[in-house]
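# Notes for the structure review
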There are 2 protein chains.
Amino acid sequence: MNLDAASSVPLYEQIYKYIKKDIQNGGLPFKKRLPSTRQLAKYLQVSRTTVDLAYAQLVSEGYIESVPCKGYFVCELEGLYRLESNYMPENISIDMELKKPAYDFSPNGVDLNSFPQNIWRRLSKNILLEEKQLLFQLGDPQGEWKLRQTVAGYLHQARGVEASPEQIVIGAGNDFLLLLLCSMFGAGKTLAMESPTYKKAYDLFRNLSNEVRIVEMDTQGMRTDRLAETDAQIAYVMPSHQYPLGIVMPVKRRMQLLAWAAAAPGRYIIEDDYDSEFRYRGKPIPALQGYDRHDRVIYIGTFSKSIAPAIRVSYMVLPKHLLGLYRERGSGISCTVSRIDQMLIERFLDEGHYERHLNKMRAIYKGRHDVLLEELRAFRGICRISGENAGVHILLTFTNGMRQDEAIRLAEEQGVRVYGLSGYFVGEAQPAQADTVILGYANLPEEEIRVAAASLKKAWGIQK
Amino acid sequence: MNLDAASSVPLYEQIYKYIKKDIQNGGLPFKKRLPSTRQLAKYLQVSRTTVDLAYAQLVSEGYIESVPCKGYFVCELEGLYRLESNYMPENISIDMELKKPAYDFSPNGVDLNSFPQNIWRRLSKNILLEEKQLLFQLGDPQGEWKLRQTVAGYLHQARGVEASPEQIVIGAGNDFLLLLLCSMFGAGKTLAMESPTYKKAYDLFRNLSNEVRIVEMDTQGMRTDRLAETDAQIAYVMPSHQYPLGIVMPVKRRMQLLAWAAAAPGRYIIEDDYDSEFRYRGKPIPALQGYDRHDRVIYIGTFSKSIAPAIRVSYMVLPKHLLGLYRERGSGISCTVSRIDQMLIERFLDEGHYERHLNKMRAIYKGRHDVLLEELRAFRGICRISGENAGVHILLTFTNGMRQDEAIRLAEEQGVRVYGLSGYFVGEAQPAQADTVILGYANLPEEEIRVAAASLKKAWGIQK
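Keep in mind that this is a model prediction, so the values were computed, not measured.

### Considering the overall build of chain A
Counting its secondary structure elements, chain A contains 15 helices and 17 strands. Relative to the compact-globule value of 23 Å for 464 residues, chain A shows a C-alpha radius of gyration of 30 Å, a clear excess of over 25%. Once the C-alpha set of chain A is aligned to its principal axes, its extents read approximately 90 × 55 × 40 Å. A total of 464 residues make up chain A; the buried ones form 58% of that total. In chain A, once contacts between residues fewer than 6 apart in sequence are set aside, the share between residues at least 24 apart is 70%. A total accessible area of about 19,600 Å² is found for chain A, and carbon and sulfur atoms account for 48% of it. Each charge class in chain A can be summarised by its mean position, and for the 58 positive and 55 negative side chains these summaries are 3 Å apart.

Here you go:
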């Protein structure tokens, strides 16, 4: 055994590894007696404590056992794990990434340069230092009580949502919460959705064997008169900023929607508030849930859009009379967010970092929004702008006969990626004409927006 | 403005907070011009940099704006977030915790004293330091490629599972993965399950409008002859350690199960390998998936049981021909595990910590297992022991006519909690007689097991 006193690996660990390897190789067979710690220490010219430590490690991992008055003996190896980290399964290339354009108006972007990494790191470190076993025990399937309390407070102040912590369910993403809801309601429900809409939700409902009726929209969002003509029990809407059209549903339509839900038993509204955080004009309109007097609104929101996409933390507010159903059919599923992440979000909100972050992001996005709209003034001759009051994307509808696919291709040739609206349509309701593109500006700095806009002018033949 | 140079709050932040409050209170109204940084610095007797910092913070959060050559002006407050962290929603007491017994043989326990907190903290810290924006961008819905590669390697070595990373889906818990599977297959399937079984899976399948047929078990597990008589398309089994009976399915029965699946198109086996990590006698039996030559096994496993319950990371291995279905109907759901947690697990495995941890836990659990079985020798006159070859719980079936409820009540009177088997039965298949209790030993140190066993002797009238 060659020990290296200068190595960064402690001596006891060198001894431990050497003996472990010898046992694994069969050099030290089952039942073989090891030298006493005194002998080995003398032989290796190290302190006896060093050998004690090495033996203790080997005992704790089941390689050797101590027999009182007799010494240390090699254990049976069967059942012991031996994992080689250099094992590599058949490697399949995944370099399928698309050629990246110079400027990408992705509607799903989030600006991550402003993410408060230092604060995040500090909170994470503190939580791991302070909390002991609690962190690693299974928590409440609904989510930690303190986080739910904090979220309830935030939703009340920022979104006018009326909820007690017992109504809140924490989950890893809106998609998961929708799955959970489906599992609570069971298959075979009839839902109403708009088109275009959040396609993932449509697919998810249909995959779980629900019927989806597509309800016509006007400039105020889902038409409640048409909704009433369907047999839908649950309406899925995004009143604060319809995705992808960007319609902000006015208060009157919200009231009509609530009246529809209250008009028959078993009717519900799923209010997906994804993307409600940033609004640039006028007073924020409170969430639909805040107006609901009949306990019909299931409210869903997320931190993925306002903090970072990889922060998989969403929240759902259930009407009080659905709590029984949740306990019976939903609470069997353990909370999908780790306790550490839950505590992190809780402190991020409680210590005021979230307020600061939201205001900072709003200022950044408002700057980009204003620059984009300013640049787009020159585009007025060929298109109409919509969805510009909130969120982080806008829509351009061509009035000069240009088609979506042509616009996308011409832009791509100039190194700018824009997105077609037609991909968001669901069901039978296909667009009459594909003449609209989406421009998301969350991930483009103001200077880049100016350059990209100039390229779009060139692409689409707009005179300066 | 009273600044406190001795405070731990930096001067610039004191200035920032003071002005922010003044703006929020209306003391500084919309459009009001602020003193120049030079003036304010002179007035407050601080450096100009300090005031610059405070103003920059106010600008970045949208409270004030800088107008070139004119100075700083208060912005419109509408749309700015103002969250008071002392807001508390109606507080509802949740002190419903059951009176804790002195000794709890919970079948769901995990020993957390050995959780390597320092390693976990170090890995977490390093990841947050090294990785920048990548961490916070949305990752692959299937999970990080590198983690899937590591898991594929681990499963190959430890469980004999043959999987390439492209077949692996990472998710926040087995329950979530089962939900995802249901969403892939769609409702209206017919599943086969054992009884007693993992009740949550039964409820989950049924909530999503699937039929569940209960198939009789013998001492080797699910009876494949009976399975073949049903119309089930998917069989849900736990071959490595049936929950809760603890049956280890022998190789022959495994082969029969695979033959059933291969005998007709569209048949699948869900192999839930929850609880396969610890085995105390004989060679580990490879997972069913490893014997599968017809691509019929969907393998599910978790780190929640082997590392800590709050680590919500599970993995699923899909047969290759189901990857298309996953991409079409499952990949719309974003990965429910945060990228940070995924990287943490990856390094925990890659750096060899997991191997050490598994061997350590196995040694601890084996010690407890042996002590419990030794203590239970005195119980042979009144009961039969089963399920003792693997996992972290055993079953006692009374042969003296004692009923489960009576046994639980008598134990509880002596401060020991044991669990009844009858709660695990599902469907019509109720137990002929409720005469069995479950004793989980993962969370009880050896000394406590001895004391608790003595109490049980007293409770159940066993002479020493």
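### Focus: the domain arrangement of chain A
Residues and elements named next belong to chain A. Under the domain assignment, chain A is made up of domain 1 (11-96), domain 2 (132-351) and domain 3 (356-459). Inter-centroid distance (C-alpha atoms) of domain 2 to domain 3 is 27 Å. On the domain 3 side, the residues contacting the 25 residues of domain 2 number 25 residues. Summed over the shared surface of domain 2 and domain 3, the result is zero salt bridges. Summed over the shared surface of domain 2 and domain 3, the result is seven residue pairs in polar contact (both at pLDDT 80 or more).

### Structural notes on the sheet that holds strand 10 (residues 268-272) of chain A
All names here are of chain A. Pairing in this open sheet of seven strands is mixed, and the strands run 4-12-11-10-9-5-6 from one edge to the other. The open sheet is flanked by strand 4 (168-171) and strand 6 (211-214), the only strands paired with a single partner. In this sheet, neighbouring strand axes are inclined to one another by 20° on average, regardless of whether the strands run parallel or antiparallel. For strand 11 (residues 297-302) and strand 12 (residues 314-317), the ladder comprises four bridges, and the chain directions are antiparallel. Looking across to strand 12, one finds that Y299 is bridged to V317. Where helix 5 (residues 145-159) meets the sheet, it contacts strand 4, strand 11 and strand 12, and its direction lies at approximately 105° from that of strand 4.

### Focus: the confidence of the model for chain A
Averaged over all residues, the pLDDT of chain A is 89; the fraction at 70 or higher stands at 94%. Interface confidence for the predicted complex, expressed as ipTM, amounts to 0.83; the pTM equals 0.86.

### Thoughts on empty space enclosed by the protein
To find leftover empty space, one rolls a probe the size of a water molecule over the atoms. Enumeration over the complete set of coordinates arrives at eleven cavities of 30 Å³ or more. Its boundaries defined by the atoms lining it, the second largest cavity holds a volume of some 100 Å³. Around the second largest cavity, the lining residues are W120(A), S124(A), L128(A), I340(A), D341(A), L344(A), W120(B), S124(B), L128(B), I340(B), D341(B) and L344(B). Of all the secondary-structure elements, those providing two or more residues to the lining of the second largest cavity are helix 4 (117-130) and helix 12 (339-350) of chain A together with helix 4 (117-130) and helix 12 (339-350) of chain B. When the residues that make up the lining of the second largest cavity are grouped by side-chain class, the tally is eight nonpolar, two polar and two charged.

### Details of the interface of chain A and chain B
Every contact between the two is made by 97 residues of chain A and, on the other side, 97 residues of chain B. Taken together, both faces of the contact between chain A and chain B bury some 8,500 Å²; the carbon and sulfur share is 57%. Sorting the residues of chain A by area buried against chain B places Y81(A), F136(A) and R356(A) first, and these three jointly supply 10% of that buried surface. At the junction of chain A and chain B, the tally comes to six salt bridges. Here chain A is connected to chain B by 20 residue pairs in polar contact (both at pLDDT 80 or more). Every element with two or more residues in the side of chain A that touches chain B is listed here: helix 1 (11-25), helix 3 (48-60), helix 4, helix 5, helix 6 (174-185), helix 7 (199-207), helix 12 and helix 13 (353-376) of chain A.

### Examining the sheet that holds strand 14 (residues 393-398) of chain A
Residue and element names in this part refer to chain A. Pairing is antiparallel across the open sheet formed by four strands, whose spatial order is 13-14-17-16. Strand pairing shows two members of the sheet lacking a second neighbour, strand 13 (383-386) and strand 16 (419-420), which therefore form its edges. Of the strands in this sheet, strand 13, strand 14 and strand 17 (436-440) are in contact with helix 13, which crosses strand 14 at around 15°. Across the sheet, helix 14 (residues 404-413) lies against strand 14, strand 16 and strand 17, angled at about 45° from strand 17, the strand it touches most.

### Here we look at the packing of aromatic side chains
To describe a pair of aromatic rings, you give the distance between the ring centres and the angle between the ring planes. In this structure the tally under the stated criterion is 35 aromatic pairs over all chains. Ring geometry for F398(B) versus W460(B): centroids 5.1 Å apart, planes at 90°, classification edge-to-face. Placement of the pair is F398(B) in strand 14 (residues 393-398) and W460(B) in the segment after helix 15 (446-459), with a sequence separation of 62 residues. Members of the aromatic cluster, joined through ring pairs, are F115(A), W120(A), Y154(A), F303(A), Y315(A), F348(A) and Y354(A).

### Quick look at the relation of the copies chain A and chain B
With an RMSD of 0.1 Å, chain A superimposes on chain B once it is rotated by 180° and translated 0.0 Å along the axis. In short, the pair behaves as if placed about a two-fold rotation axis.

### Some remarks on the packing of helix 2 (residues 37-44) of chain B against helix 3 (residues 48-60) of chain B
Relative orientation and spacing of two packed helices are given, respectively, by the angle between their axes and the distance between those axes. Residues and elements named next belong to chain B. At a closest axis distance of 8 Å, the pairing of helix 2 and helix 3 adopts a crossing angle of 120°. As far as their axial angle goes, helix 3 and helix 2 are oblique. For the crossing formed where helix 2 meets helix 3, the hand is right-handed. Contacts between helix 2 and helix 3 involve T37, R38, L40 and A41 from the former and R48, V51, D52 and Y55 from the latter. Residues of the contact of helix 2 with helix 3, tallied by class, amount to four nonpolar, one polar and three charged.

### A word on the pairing of strand 4 of chain A
Two faces make up the sheet, and in a regular strand the side chains alternate between them. Residues and elements named next belong to chain A. Here strand 4 shows a buried face lined by I168 and I170 and a second buried face lined by V169 and G171. Sheet analysis places strand 4 next to strand 12, joined by four bridges and oriented antiparallel. Each residue of the ladder has a partner; that of V169, found in strand 12, is M316.

### Looking at the environment of P101(B)
Tracing the backbone through its elements, the reader meets P101(B) in the loop between strand 2 (71-74) and strand 3 (103-104). Apart from residues lying up to four places away in sequence, P101(B) is in contact with E412(B), G415(B) and R417(B).

### Quick notes on the nonpolar core
Counting 148 residues, the largest nonpolar core has W120(A), W460(A), W120(B) and W460(B) as its most contacted members. The leading source of residues in this core is helix 13 of chain A, at seven residues. Setting aside chain neighbours within four positions, we find W120(A) in contact with F115(A), I307(A), I311(A), L344(A), I345(A), F348(A), L128(B), F136(B) and I340(B).

### Points about the pairing of strand 6 (residues 211-214) of chain B
Residues and elements named next belong to chain B. By the bridge criterion, four bridges tie strand 5 (residues 190-193) to strand 6 in an arrangement that is parallel. Bridge assignment links M193 to a residue of strand 6, and that residue is I214. Traced from strand 5 through helix 7 (residues 199-207) to strand 6, the parallel crossover comes out right-handed.

### Examining unusual backbone geometry
Cis geometry is adopted by the peptide bond preceding P244(A), which originates at Y243(A) and carries an omega value of 5°. Note the cis peptide between S195(B) and P196(B), where omega equals 5°. Looking at the secondary structure, you find P196(B) in the loop between strand 5 and helix 7. Its identity is not glycine, yet K31(B) carries a phi of approximately 75°, on the positive side. According to the relative accessible area criterion, K31(B) is exposed, its value standing at 61%.

### Section: the side chain of T37(B)
Residue and element names in this part refer to chain B. Inspection of the secondary structure assignment puts T37 in helix 2. Using a relative accessible area of 6% as the deciding quantity, one classes T37 as buried. A polar contact of 3.1 Å, which involves the side chain of T37, links it to the side chain of R48. Those residues in contact with T37 that sit more than four places away from it in its chain are R48, V51, D52, Y55 and Y72.

### A look at the environment of S7(A)
Residues and elements named next belong to chain A. Tracing the sequence through the fold places S7 in the segment before helix 1. The partly exposed category is assigned to S7, whose relative accessible area is 26%. At a separation of 2.8 Å, a polar atom in the side chain of S7 contacts the main-chain amide nitrogen of V9.

Rules used in this analysis
- Residues numbered from 1 in each chain as written.
- Chains lettered and ligands numbered in written order.
- Predicted model: local features only at pLDDT ≥ 70, side-chain atom pairs only at ≥ 80, totals over all residues.
- Heavy atoms only, no water.
- Helix = DSSP H or I, 4+ residues; strand = E, 2+ residues; numbered from the N terminus.
- Rg over C-alpha atoms; globule rule 2.2 N^0.38 Å.
- Buried < 20%, exposed > 50% of the residue type's maximum accessible area, 1.4 Å probe, protein only.
- Contact = heavy atoms within 4.5 Å.
- Areas by Shrake-Rupley, 256 points an atom, 1.4 Å probe, with all protein chains shown as cover.
- Lys, Arg positive; Asp, Glu negative; His and termini not counted.
- Charge placed at Lys NZ, Arg CZ, Asp CG, Glu CD.
- Domains from an automatic or database assignment.
- Salt bridge = Lys/Arg side-chain N within 4 Å of Asp/Glu carboxyl O.
- Polar contact = N/O pair within 3.5 Å; in protein donor to acceptor, adjacent residues only side chain to side chain.
- Pairing = 2+ DSSP bridges.
- Axes fitted to C-alpha atoms, helices over the stretch in contact; angles between N-to-C directions.
- pLDDT = per-residue confidence, 0-100.
- 1 Å grid on protein atoms, 1.4 Å probe; cavity = no way out; pocket = protein on both sides within 12 Å on 5 of 7 lines; lining within 4 Å.
- Points joined across faces, edges and corners; volume = space filled by probe spheres on them.
- Nonpolar A, V, L, I, M, F, W, Y, C, P; charged D, E, K, R; others polar.
- Buried area = accessible area lost by both parts, 1.4 Å probe.
- Phe/Tyr/Trp six-rings, centres within 6.5 Å; stacked < 30°, edge-to-face > 60°.
- Least-squares fit on C-alpha atoms with pLDDT ≥ 70 in both.
- Parallel < 35°, antiparallel > 145°, perpendicular 65-115°, else oblique.
- Left-handed = near helix turned anticlockwise from the far one by under 90°.
- Core = buried A, V, L, I, M, F, W, Y, C linked by side-chain atoms within 4.5 Å.
- Right-handed = clockwise from strand over helix to strand, strands pointing away.

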